[in-house]
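Given next are the chains, with one letter for each unit.
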Amino acid sequence: MYNSIPAKTKIKNTYENYAPYLNQIMGSIQDILKEKISLSSQPTYKARIKSFSSYYKKLLRQKPHEAASTENLVCLTDMMGIRIICAFLEDISVVQEQIQNLFDIKEIEVKGASQSFKEFGYESVHVLVAIPQSCIPVNLPEGIVIPSELVCEIQIRTILQDAWAEVEHELIYKTEFTPFDLPLRRKLASMNASLSLADIIFQEIRDYQKKLQSEMNERRQSFYQIADDLTSIDENRERIKQTHIERVNPYVAGTIDELILQAIHAHNTGDLKTAVFIYSKIIESEPKPNNIVLSVIHKHRGMAYFAQNDYENAVNDFHLSFEYDKNNFRSIYYEGIVYSIQKQFQKAVECFSRSLDLNEYQSHTFYRRAIAYYELNQYENAMADVVAAQKLGLEEEGLQILHDKLVSKFDMKV
């Protein structure tokens, strides 16, 4: 019977001989992950090979007979561990899919998925990957043979899941945690639930931001398209015809964030009256929103007025938007666009100049100011702005048309 007990010293020597090469393999896999994993918010990484003490304890529990009968390295699935820590819950599935495209997958396990709502414990996705041939060190010394069954464990967690796992490991697995510790269990369960809820809320906020950004981008592109058509220097331009949807949805009370999303969606779908109605309700709400919120809402309402060709209200809202936030270079830029459409080119130049004073990296603002200068017969100023827009990388047919017109003006002077 005693012959079946593994010799700890022999196992330790074997493990320590392999440890440097396990580190190299793990480092190579981590390099692949860092290079290939792509998220909007890049993850952080932790990596470690199992300490001999932990390795030996687990070996005695899982493979004592195998350890006693061989002098080779006995493999456990978590000898090499790489942790990928993501910002949001949605990132976990994205990372998992990317890993599956990069490696030969041996196993995927979702830790914590089988727990009931009464239990506590961390959630984590564990992926076991085979070792790519390219990650195995060359010129291994005699006696070191990388076993074919060797795998690397890749764990995917959110920041909060990782924080919980670290604390739980210290509080539970390194101590004697008995069934009699019910008060502590309840506290830990409550804490785990709070962290899980926080992860869900972070994801909901992220989803809201994505939806809002998508709606805002669509609305902004529509605004620019109209502005480009109405302020183009090309005599062959055609005005865009706006199709207004004549319906008014009932106002639904809610948070400012919800109302903004509702208003922008109405704006994008052509329901401009509803959009203006909701924007106005936000502006008039009590308690009064702070200046930054008011700046944003006036800007959006100005765009809705603009889409209805109500330039007087549009320019007033853009002006108020800038007054509420003196750093809002886009609002003063939009005000300049309206003045250009109204052929008040000197006012347009003043607005574009103030916007560029706040942010000089606006190629379209240089372009629109160049058009205004051209209409004011200030051709040298116009050409300077055309050159500035080109240097900032603006590539538009209208910019080249304006450039050619300016060249012809200079030729006529000669």
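Our structure is the block above this text.
Figured I'd write up the structure that's included with this text. On a predicted model such as this, the values are computed, not experimentally measured, just so you know.

## Points about the overall build of the protein
Part 1 of the argument: Each helix and strand in the protein was counted, giving 15 helices and 5 strands.
Part 2 of the argument: Per-residue burial for the protein yields a buried fraction of 45% across its 414 residues.
Part 3 of the argument: Considering only residue pairs separated by 6 or more positions, the protein has 67% of its internal contacts joining residues 24 or more positions apart.
Part 4 of the argument: In the structure as shown, the protein presents an accessible area of about 23,000 Å², 51% of it carried by carbon and sulfur atoms.

## What about the environment of Met 80?
Part 1 of the argument: Looking at the element boundaries, Met 80 is found in strand E2 (residues 80-86).
Part 2 of the argument: For Met 80, a relative accessible area of 0% translates into the label buried.
Part 3 of the argument: For the pair Met 80 and Gly 27, spaced 53 residues apart in sequence, the C-alpha to C-alpha distance is 9.8 Å.
Part 4 of the argument: Not counting residues up to four positions away in its chain, the partners in contact with Met 80 are Leu 22, Ile 25, Met 26, Arg 48, Ile 49, Ile 131, Leu 150, Val 151, Cys 152 and Glu 153.

## So, the side chain of Arg 83
Part 1 of the argument: With respect to the element layout, Arg 83 can be found in strand E2.
Part 2 of the argument: Taking relative accessible area as the criterion, Arg 83 reaches 17% and is therefore assigned buried.
Part 3 of the argument: Residues contacting Arg 83, with those up to four places away along its chain left out, are Thr 44, Tyr 45, Lys 46, Gln 155, Arg 157, Asp 162 and Glu 166.

## Some details on a positive patch on the surface
Part 1 of the argument: On the surface, a cluster of positive charge is made up of Lys 8, Lys 12, Lys 57 and Arg 61.
Part 2 of the argument: Sorting the residues of the positive patch by element identifies helix H1 (8-36) and helix H2 (52-62) as the ones contributing at least two each.
Part 3 of the argument: Topologically, Lys 8 is positioned in helix H1.

## A word on the pattern of salt bridges
Part 1 of the argument: For the coordinates displayed, the defined rule picks out 9 salt bridges.
Part 2 of the argument: With a closest N to O distance of 3.0 Å, Lys 50 and Asp 78 form a salt bridge. Here Lys 50 is found in the loop between strand E1 (44-49) and H2, whereas its partner Asp 78 is found in the loop between helix H3 (64-69) and E2, with 28 residues between them in sequence. Residue Lys 50 shares its accessibility class with Asp 78, and that shared class is buried.
Part 3 of the argument: Between Asp 162 and Arg 83 there is a salt bridge; the shortest N-O distance is 2.8 Å. Remark: Arg 83 occurs in strand E2 and Asp 162 occurs in helix H5 (residues 159-173); sequence separation between them is 79 residues.

## Remarks on the environment of Asn 377
Part 1 of the argument: Note on placement: Asn 377 falls in the loop between helix H13 (363-375) and helix H14 (379-391).
Part 2 of the argument: Classification of Asn 377 as exposed rests on a relative accessible area of 52%.
Part 3 of the argument: Residues Asn 377 and Leu 406 lie 29 residues apart in sequence; the distance between their C-alpha atoms is 9.9 Å.
Part 4 of the argument: A polar contact is formed between the side chain of Asn 377 and the side chain of Tyr 379, at a distance of 2.9 Å.

## Thoughts on the packing of aromatic side chains
Part 1 of the argument: Scanning all chains against the criterion turns up 9 aromatic pairs.
Part 2 of the argument: Ring geometry for Phe 306 versus Tyr 311: centroids 5.8 Å apart, planes at 50°, classification tilted.
Part 3 of the argument: Relative to Tyr 334, the ring of Tyr 333 has its centre 5.8 Å away and its plane inclined at 40°; by these criteria the two rings are tilted. The residues Tyr 333 and Tyr 334 share a single accessibility class, namely buried.

## Focus: the packing of helix H7 (residues 256-268) against helix H8 (residues 272-284)
Part 1 of the argument: As a packed pair, H7 and H8 sit with axes 7 Å apart at the nearest point and diverge in direction by 160°. Classified by the interaxial angle, the pair formed by H7 and H8 is roughly antiparallel. Note that H7 runs across H8; the crossing there is left-handed. Counted together, Ile 256, Leu 259, Ile 260, Gln 262, Ala 263, Ile 264, Ala 266 and His 267 of H7 and Leu 272, Thr 274, Ala 275, Ile 278, Tyr 279 and Ile 282 of H8 form the full contact between these two elements.
Part 2 of the argument: Here the residues of the contact of H7 with H8 are counted per class, giving 11 nonpolar, 3 polar and no charged.

## Quick word on the sheet that holds E1
Part 1 of the argument: Taken together, 5 strands build an open sheet; the order of strands is E1-E2-E5-E4-E3 and the sheet is mixed. Of all strands in the sheet, those with a lone pairing partner are E1 and strand E3 (105-111), marking the two edges. Each neighbouring strand pair of the sheet contributes to a mean axis angle of 20°, computed without reference to strand direction.
Part 2 of the argument: Where E2 meets strand E5 (residues 151-158), 6 bridges bridge the pair, whose relative direction is parallel. Looking across to E5, one finds that Ile 85 is bridged to Arg 157.
Part 3 of the argument: Together, E1, E2 and E5 form the strand contacts of H1, whose direction differs from that of E1 by roughly 165°.
Part 4 of the argument: Helix H4 (residues 89-102) contacts E2, E3, strand E4 (124-130) and E5 of the sheet and is inclined by roughly 160° relative to E5.

## Overview of the nonpolar core
Across soluble globular proteins, nonpolar side chains show a tendency to be buried alongside one another.
Part 1 of the argument: With 53 residues, the main nonpolar core has Phe 306, Ile 337, Leu 402 and Leu 406 as its most contacted residues.
Part 2 of the argument: In this structure, Ile 25, Ile 37, Tyr 56 and Val 127 belong to the second largest nonpolar core, which totals 44 residues.

## Describing the packing of helix H9 (residues 291-307) against helix H10 (residues 311-324)
Two quantities define a packed helix pair, namely the angle between the axes and the distance from one axis to the other.
Part 1 of the argument: Closest axis-to-axis distance for the H9/H10 pair is 8 Å, and the angle between their directions is 160°. With respect to each other, H9 and H10 are oriented roughly antiparallel. Taken as a pair, H9 and H10 cross one another with a handedness that is left-handed. Contacts between H9 and H10 involve Asn 291, Leu 294, Ser 295, His 298, Lys 299, Arg 301, Gly 302, Met 303, Tyr 305 and Phe 306 on the former and, on the latter, Tyr 311, Asn 313, Ala 314, Asp 317, Phe 318, Leu 320, Ser 321 and Tyr 324.

## Quick word on H8
Part 1 of the argument: Helix length check: H8, at 13 residues, gives a terminal C-alpha distance of 18 Å against a target of 18 Å (1.5 Å per residue), a fit within 8%.
Part 2 of the argument: The complete set of buried residues in H8 reads Leu 272, Thr 274, Ala 275, Val 276, Ile 278, Tyr 279, Ser 280, Ile 282 and Ile 283.
Part 3 of the argument: Each element contacted by the buried residues of H8 is listed here: H7 and H9.

Parameters and conventions
Residues numbered from 1 in each chain as written. Predicted model: local features only at pLDDT ≥ 70, side-chain atom pairs only at ≥ 80, totals over all residues. Heavy atoms only, no water. Helix = DSSP H or I, 4+ residues; strand = E, 2+ residues; numbered from the N terminus. Buried < 20%, exposed > 50% of the residue type's maximum accessible area, 1.4 Å probe, protein only. Contact = heavy atoms within 4.5 Å. Areas by Shrake-Rupley, 256 points an atom, 1.4 Å probe, with all protein chains shown as cover. Patch = residues over 30% accessible without salt bridge, like charges linked within 9 Å, V, L, I, M, F, W, Y side chains within 5 Å. Salt bridge = Lys/Arg side-chain N within 4 Å of Asp/Glu carboxyl O. Lys, Arg positive; Asp, Glu negative; His and termini not counted. Charge placed at Lys NZ, Arg CZ, Asp CG, Glu CD. Polar contact = N/O pair within 3.5 Å; in protein donor to acceptor, adjacent residues only side chain to side chain. Phe/Tyr/Trp six-rings, centres within 6.5 Å; stacked < 30°, edge-to-face > 60°. Axes fitted to C-alpha atoms, helices over the stretch in contact; angles between N-to-C directions. Parallel < 35°, antiparallel > 145°, perpendicular 65-115°, else oblique. Left-handed = near helix turned anticlockwise from the far one by under 90°. Nonpolar A, V, L, I, M, F, W, Y, C, P; charged D, E, K, R; others polar. Pairing = 2+ DSSP bridges. Core = buried A, V, L, I, M, F, W, Y, C linked by side-chain atoms within 4.5 Å. Expected span 1.5 Å × (residues − 1).

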